[in-house]
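Residues per chain, in single letters:
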Amino acid sequence: MTAPDEQRLDKWLWHARFVKSRSLAAKLIEEGCIRVNRQRVVKAATCIKCGDVLTASLFGDVRVIEIRGIGERRGPPEEAAALYCERLALPPSPLPNGERER
């Protein structure tokens, strides 16, 4: 059993409203889209705690997020936003040869 100051990564992503379901969170984790403290994780049951830093490649964006809280439920967006602090948002990589997206 995990301590109250820890939570499964898939559950935290769902509580913080980064994904619509825990199964989608687990799929992203297993595909290697999430790093915890710079270490790639592939198990949804990986425990995270306050102060950990997630680097996530989610739906075309790379986000660096510091965990500020452990959620007890999937609440409203205001409650979810209190669980993390955006450290850095990386822009999408530019297209080669200066091409523009159509």
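Residues numbered from 1 in each chain as written. Predicted model: local features only at pLDDT ≥ 70, side-chain atom pairs only at ≥ 80, totals over all residues. Heavy atoms only, no water.

> Just checking my understanding: could you explain the packing of aromatic side chains for this structure?
This structure, assessed with the given rule, holds three aromatic pairs. Pairing Trp12 with Phe18 gives two aromatic rings, centres 5.9 Å apart and planes at 25 degrees, and the pair type is stacked. Residue classification places Phe18 among the buried positions, given a relative accessible area of 9%. Between the aromatic rings of Phe18 and Tyr84, the centroid separation amounts to 4.8 Å while the plane-to-plane angle is 50 degrees, which identifies the pairing as tilted. Taken together, the residues span a long stretch of sequence, with Phe18 in the loop between helix H1 (9-15) and helix H2 (22-30) and Tyr84 in strand E7 (residues 84-90) at a distance of 66 residues. Among the aromatic residues, those joined into a ring-pair cluster are Trp12, Phe18 and Tyr84. (Phe/Tyr/Trp six-rings, centres within 6.5 Å; stacked < 30°, edge-to-face > 60°. Buried < 20%, exposed > 50% of the residue type's maximum accessible area, 1.4 Å probe, protein only. Helix = DSSP H or I, 4+ residues; strand = E, 2+ residues; numbered from the N terminus.)

> Hey, could you run me through the pairing of strand E6 (residues 61-67) in this one?
Bridge analysis of strand E5 (residues 53-58) against E6 gives six bridges, and the strand direction is antiparallel. Directly across from Ala56, in E6, lies its bridge partner Arg63. Counting the residues between successive antiparallel strands, the hairpin from E5 to E6 contains two residues, one of them, Phe59, with a positive phi of roughly 55 degrees. (Pairing = 2+ DSSP bridges.)

The values are spatial; any link to function lies outside them.
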